[in-house]
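Commentary on secondary and tertiary structure
Listed below, chain by chain, are the residues.
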Amino acid sequence: KYTKFSIFYYWINSLGQNTSVYSRLENVAIPSGKENTTATISYDHRIMPLENIFSTGTYYCEVKWNNMQKMGKGVFVLARGTGYVETSYGWEILVTLTVLLAALSITATALLLWKRK
């Protein structure tokens, strides 16, 4: 009875509009000896790429059997226009430290030469 089911992925935008993302029909064979037992099967679906910033919303998964349906809790996705930009200041800090040490070294050398005279 529960071996044939449909999986639907959809998202609801900020206006409450429902948009279908993906769907598929599954027919799972039950192995011998596993009848009348509860089974869990994981299905991963990656939504790539997000087309634009308007793809922001809550994404849901829903499974429908003959007379029953179950819906996931949903995952909120925030899409940004520039995408993910990693903020790394490693090179900036290294260059700043090197310039600072060079300036201090030149100043100390100049002071030592000036005192010597």
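Residues numbered from 1 in each chain as written. Predicted model: local features only at pLDDT ≥ 70, side-chain atom pairs only at ≥ 80, totals over all residues. Heavy atoms only, no water.

**A short note on the overall build of the protein**
The test is simple: Labels follow the DSSP assignment, with helices taken as runs of H or I lasting at least four residues and strands as runs of E lasting at least two, numbered in each case from the N terminus. Any two residues whose heavy atoms approach within 4.5 Å at even a single point are treated as in contact. Calculation of accessible area relied on Shrake-Rupley with a 1.4 Å probe; when residues are assessed, cover is drawn exclusively from the protein chains displayed.
A count of helices and strands for the protein gives one helix and five strands. Listed N to C, the secondary structure of the protein is β-β-β-β-β-α in terms of helices and strands. Summarising the internal contacts of the protein: among those between residues at least 6 apart in sequence, 47% fall at separations of at least 24. Accessible area of the protein: about 10400 Å², with a carbon and sulfur share of 59%.

**Focus on the pattern of salt bridges**
Pairs can form between side chains of opposite charge whenever their charged atoms are close. What counts, and what does not: Definition used for salt bridges: Asp or Glu carboxyl oxygen within 4 Å of a side-chain nitrogen of Lys or Arg. For the exposure calls, accessible area comes from a 1.4 Å probe over protein chains only, and a residue counts as buried if that area is under 20% of its type's maximum, exposed if over 50%, partly exposed in between.
Enumeration over the complete set of coordinates arrives at one salt bridge. Two residues, E26 and R24, come together in a salt bridge whose shortest N-O distance is 2.8 Å. Assessed through its relative accessible area of 26%, R24 is described here as partly exposed.

**Examining the confidence of the model for the protein**
Filter applied, for reference: In predicted models, pLDDT denotes the confidence assigned by the predictor to each residue on a 0 to 100 scale.
Per-residue confidence for the protein averages 81 on the pLDDT scale, and 87% of its residues sit at or above 70. Confidence scores differ between elements of the protein, with strand 5 (residues 75–77) showing the lowest mean pLDDT of 83 and helix 1 (residues 90–116) the highest of 90.

**Describing the side chain of E26**
Put simply, the test is: Identification of polar contacts relies on pairs of N or O atoms within 3.5 Å, with a donor-acceptor requirement for protein atoms, meaning one able to donate a hydrogen and the other able to accept it, and with residues adjacent in sequence counted only if both atoms are side-chain atoms.
By the secondary structure assignment, E26 is in strand 2 (residues 18–27). Within the structure, E26 has its side chain in polar contact with the side chain of R24 (distance 2.8 Å). When sequence neighbours within four positions are dropped, the list of residues in contact with E26 reads T3, K4, F5, I7 and Y43.

**Section: the environment of T56**
Tracing the backbone shows T56 in the loop between strand 2 and strand 3 (57–64). Look at T56 and you get buried, because its relative accessible area is 19%. Separated by 20 residues in the primary sequence, T56 and F76 place their C-alpha atoms 7.7 Å from one another. Contact partners of T56, with chain neighbours within four places excluded, come to W11, N13, F76, V77, L78 and A79.

**Examining the packing of aromatic side chains**
The cut-off we apply is this: Each aromatic pair joins two rings of Phe, Tyr and Trp (for Trp, the six-membered one) with centres within 6.5 Å, and gets the label stacked for planes under 30 degrees apart, edge-to-face for over 60, and tilted for any other angle. Note on geometry: a ring has a charge over it if NZ (lysine) or CZ (arginine) is within 6 Å of the ring centre and within 35 degrees of the ring normal.
Applying the stated criterion to the full structure yields four aromatic pairs. Relative to Y59, the ring of W11 lies with its centre 5.7 Å away and its plane at 20°, an arrangement referred to as stacked. Taken as a pair, W11 in strand 1 (residues 4–12) and Y59 in strand 3 lie far apart in primary sequence, 48 residues in all. Residue W11 shares its accessibility class with Y59, and that shared class is buried. In this structure, K64 is placed above the aromatic ring of F8, and the distance from its NZ or CZ to the ring centre is 5.1 Å.

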